Amino acid sequence: MSFESELAQGSFYIPECNICKKIVWPPAEFCNRCFGRVLLKKECFEGKIIEFSRQNEEYFCLVEFNNTIRVMAKISKIPQIGQIVKISKCGISNGDYFFYVS
Amino acid sequence: MTKVGIVAYGITPFTREDQKIEAVLLKSTKTLFENNPKINRNTIDAVLVSTNNNSKYLSPILSEMAGIQPKIAHSIESLCNSGTNSIVSAYSYIVSGLADMVLISGAERYDSPGQILEWDNSRGEFKHPIFWASIFTKSYKREYSISDEQLALVSVKNHKQAKENPNALSNKTFTIHDVMNSKKITDDLRLLDCSRPCTGSASILLASEEIAKKTTDNPVWITGIGQKTTSASFTKNISFSTMESTKSSAHAALKMAKHNTKNIDVAEVHDAFSVCEPMALESLGFSDLGNGTSMIKELYETNNFKINPRGGLIGSGHPLGATGIAQTIEITQQLQSNAGKRQVDNAKVGLVHNISAAATSSTVLVLEK
């Protein structure tokens, strides 16, 4: 079970060091603080929109989760700074991660 | 510590031509030797190639094509600031005593793979630089109540200045209206807000003080170096309206050179997108936070070429591996009073600012006569 294999199935897991409990993002095999092994943790979590813009009719936004994980994601409705969102869909397409929040 | 000087340079026009990377590299190297016939190629100890091109073994290839058999030969890749990273490496070879004379040649093709940082999956499907630039622009405008028109002036100014640069990709001038009405890339970015990838090459030769004085009558000295890398992921930036790595590298470079920003007469700053210029000016200390566009307006209205005299990346084009070297050549020409219609009066101290990947890494150089 790896972050990417789970993401490819549409599941977002939090990569966390099993020794120092630091969230390691972007995901890696080892912790960048203590080099402990990174394990995956499943939990329901909310994020906050930090910034956004729009290309054509699609909004994209920078979202922060758990004060650590930041991703660029799509959002269907007009976003607002500070808006609380959840990952509604994620996966890997043509080798790139993708995230939708709502 | 030995002084390190710039003793020769060569540069090609920046174009959209389809040329082999080896051929482009050789062109600026050839120009360098033509510009300073005193150089004995047998005395070159190291050849460093700055590029993001996927071709292998480019430094030995360039060395063979240029008739050089260096002790040290390798490539350096660090996305958009590969060029100044190479200059810092060359400086270090000379100061350490491993080399007395180092050739640095940077080149890129218009289709460089260095435009996209594939590793950064935190960007999701938004890996093209236009997306981080859009976030920077939105954040900067929001933080300091800056308008699109104020940012558009960066492009207007730099295209105007590029018109005086015979090697620039652009030779057109534009109005704010033109920039605002150019193709909309995102809500926060228009085509003329963007530097364009292109094909081009720039080469520079560094030497120890003793060799430099024998090789040229007007060496330009590298007196300050600062570098900082805060992350590789765009999303790890602490701020999206300032350049943290630039603040740190500017502080280090100016301290090493025993100068402050007020002493800088001319500077090349990394305007990959319009918003980058005011952000850079503020993070380098040329203006207070949020006032970068006011400085740009004043420079434009007074026809002052102090910032980005060659037209910056927006006017000159952005062949990644060559950009930092081309910036350094411009400041060298300025300090040698050899910049033609772009010349800034009485320039004695110059600065080069070169970043990578949404300012996750910055290099700042201070140059002096």
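Everything quoted here is computed from the prediction, not taken from an experiment.

It is worth spelling out the sheet that holds strand 2 (residues 46-50) of chain B at this point. Residues and elements named next belong to chain B. Strand order in this open sheet of nine strands is 3-2-4-7-1-8-11-10-9, and the pairing throughout is mixed. Both outer strands of the open sheet, strand 3 (72-76) and strand 9 (266-268), are each paired with one neighbouring strand and no more. The sheet shows a mean angle of 25° between the axes of neighbouring strands, direction not considered. Pairing of strand 8 (residues 220-229) with strand 11 (residues 361-368) involves eight bridges; the strand directions are antiparallel. For Lys228, the partnering residue across the bridge sits in strand 11 and is Ser362.

Our focus in this paragraph is the nonpolar core. Residues and elements named next belong to chain B. Core analysis: the largest hydrophobic core is formed by 133 residues, its most contacted members being Val102, Ile204, Leu205, Leu206 and Leu365. Discounting chain neighbours no more than four positions away, the residues touching Leu365 are Thr84, Ile87, Ile222, Gly224, Ile225, Ala253, Thr328, Leu351 and Val352. Grouped together as the second largest cluster of nonpolar side chains are six residues, Tyr110, Ala168, Leu169 and Cys198 included.

On to the interface of chain A and chain B, then. The figure often quoted for interface size is the accessible area lost as the parts come together. At the interface, 18 residues of chain A touch 18 residues of chain B. Put simply, the parts of the chain that give the side of chain A that touches chain B at least two residues each are strand 3 (47-55), strand 4 (58-65), strand 5 (69-75) and strand 8 (96-101) of chain A. Partitioned by chemical class, the residues of the side of chain A that touches chain B number eleven nonpolar, three polar and four charged.

Here the focus is the domain arrangement of chain B. Residues and elements named next belong to chain B. Here the domain parsing of chain B yields domain 1 (4-112 + 198-221) and domain 2 (122-196 + 222-368). Computed over C-alpha atoms, the centres of domain 1 and domain 2 are 23 Å apart. Sorting the residues of the side of domain 1 that touches domain 2 by element identifies strand 1 (4-11), helix 3 (82-96), strand 4 (101-108), strand 7 (200-208) and strand 8 as the ones contributing at least two each. Here the element with the most residues in the side of domain 1 that touches domain 2 is helix 3; it accounts for seven residues. Of the residues that constitute the side of domain 1 that touches domain 2, the class distribution is 18 nonpolar, 18 polar and one charged.

A word on the environment of Asp193(B). All names here are of chain B. Mapped onto the elements, Asp193 comes out in the loop between strand 6 (189-190) and strand 7. Here the alpha-carbon distance between Asp193 and Cys276, two residues 83 residues apart in the chain, equals 9.9 Å. If sequence neighbours within four positions are ignored, Asp193 has contacts with Leu151, Ser155, Val179, Phe273 and Ser274.

Our next topic: helix 10 (residues 292-301) of chain B. All names here are of chain B. Residues Gly292, Thr293 and Ile296 constitute the buried set of helix 10. Along the long axis of helix 10, the arc covered by the buried residues comes to 95°, so they all point the same way. Turned more than 90 degrees off the buried face of helix 10, the exposed positions are Glu298 and Glu301. In the stretch just after helix 10, Asn303 is the one whose phi turns positive, near 55°.

All names here are of chain B. By the secondary structure assignment, Gly340 is in the loop between helix 12 (320-335) and strand 10 (349-356). Using a count of 11 C-beta atoms within 10 Å as the deciding quantity, one classes Gly340 as exposed. For the pair formed by Gly340 and Asn165, sequence separation is 175 residues and the distance between their alpha carbons is 8.7 Å.

So, on to unusual backbone geometry. The omega torsion of the bond from Trp25(A) to Pro26(A) falls at -5°, within 30 degrees of zero and hence cis. Residue position: Pro26(A) is located in the loop between strand 1 (14-17) and strand 2 (38-41). Positioned with a positive phi, Asn303(B) is a non-glycine residue whose angle comes to about 55°. If you trace the backbone, Asn303(B) turns up in the loop between helix 10 and helix 11 (312-316). Its identity is not glycine, yet Ala359(B) carries a phi of approximately 60°, on the positive side. Along the polypeptide, Ala359(B) turns up in the loop between strand 10 and strand 11.

So, about the pairing of strand 2 of chain B. Residues and elements named next belong to chain B. Here strand 2 lies mainly inside the structure; five of its five residues are buried. The two faces of strand 2 match: Ala46, Leu48 and Ser50 on one face and Val47 and Val49 on the other face are all buried. Here strand 2 runs beside strand 3; their pairing, made up of five bridges, is parallel. If you follow Val49 over to strand 3, its bridge partner there is Ser75. Between the parallel pair strand 2 and strand 3, the chain is carried across by helix 2 (residues 58-66), and the sense of this crossover is right-handed. Bridge count for strand 2 against strand 4 is five bridges, and the pairing is parallel. Directly across from Ala46, in strand 4, lies its bridge partner Val102.

About the criteria used
- For every chain, the first residue of the written sequence is number 1, and numbering continues from 1 along that sequence.
- To read the labels, note that chains go from A and ligands from 1, taken in the order they are written.
- Reporting in this predicted model follows two pLDDT cut-offs: at least 70 for local features of residues, and 80 or more for side-chain atom pairs to be given and counted; totals over whole chains, interfaces and linings ignore these cut-offs and use all residues.
- A pair of strands is labelled paired if DSSP reports no fewer than 2 bridges between them.
- Numbering of helices and strands runs from the N terminus, with a helix taken as a DSSP run of H or I at least four residues long and a strand as a DSSP run of E at least two residues long.
- All axes are obtained by fitting lines to C-alpha atoms, using only the stretch in contact for helices, and the reported angles, taken between N-to-C directions, cover 0 to 180 degrees.
- For this analysis, nonpolar core means a set of buried Ala, Val, Leu, Ile, Met, Phe, Trp, Tyr and Cys residues linked through C-beta atoms within 7 Å.
- Using C-beta atoms placed from the backbone, we call a residue buried if 20 or more other C-beta atoms fall within 10 Å of its own, exposed if 12 or fewer do, and partly exposed for counts in between.
- For every residue pair, C-beta atoms are placed from the backbone, and the pair is scored as a contact if these atoms sit within 7 Å.
- Residue polarity follows a fixed list, in which Ala, Val, Leu, Ile, Met, Phe, Trp, Tyr, Cys and Pro are nonpolar, Asp, Glu, Lys and Arg are charged, and the others, Gly among them, are polar.
- Boundary definitions for the domains trace back to an automatic or database domain assignment.
- An arc is given here, and it is the one of the directions from the helix axis to the C-beta atoms.
- Crossovers are marked right-handed if the path from the first strand over the helix to the second runs clockwise, as seen with the strands pointing away from the viewer.

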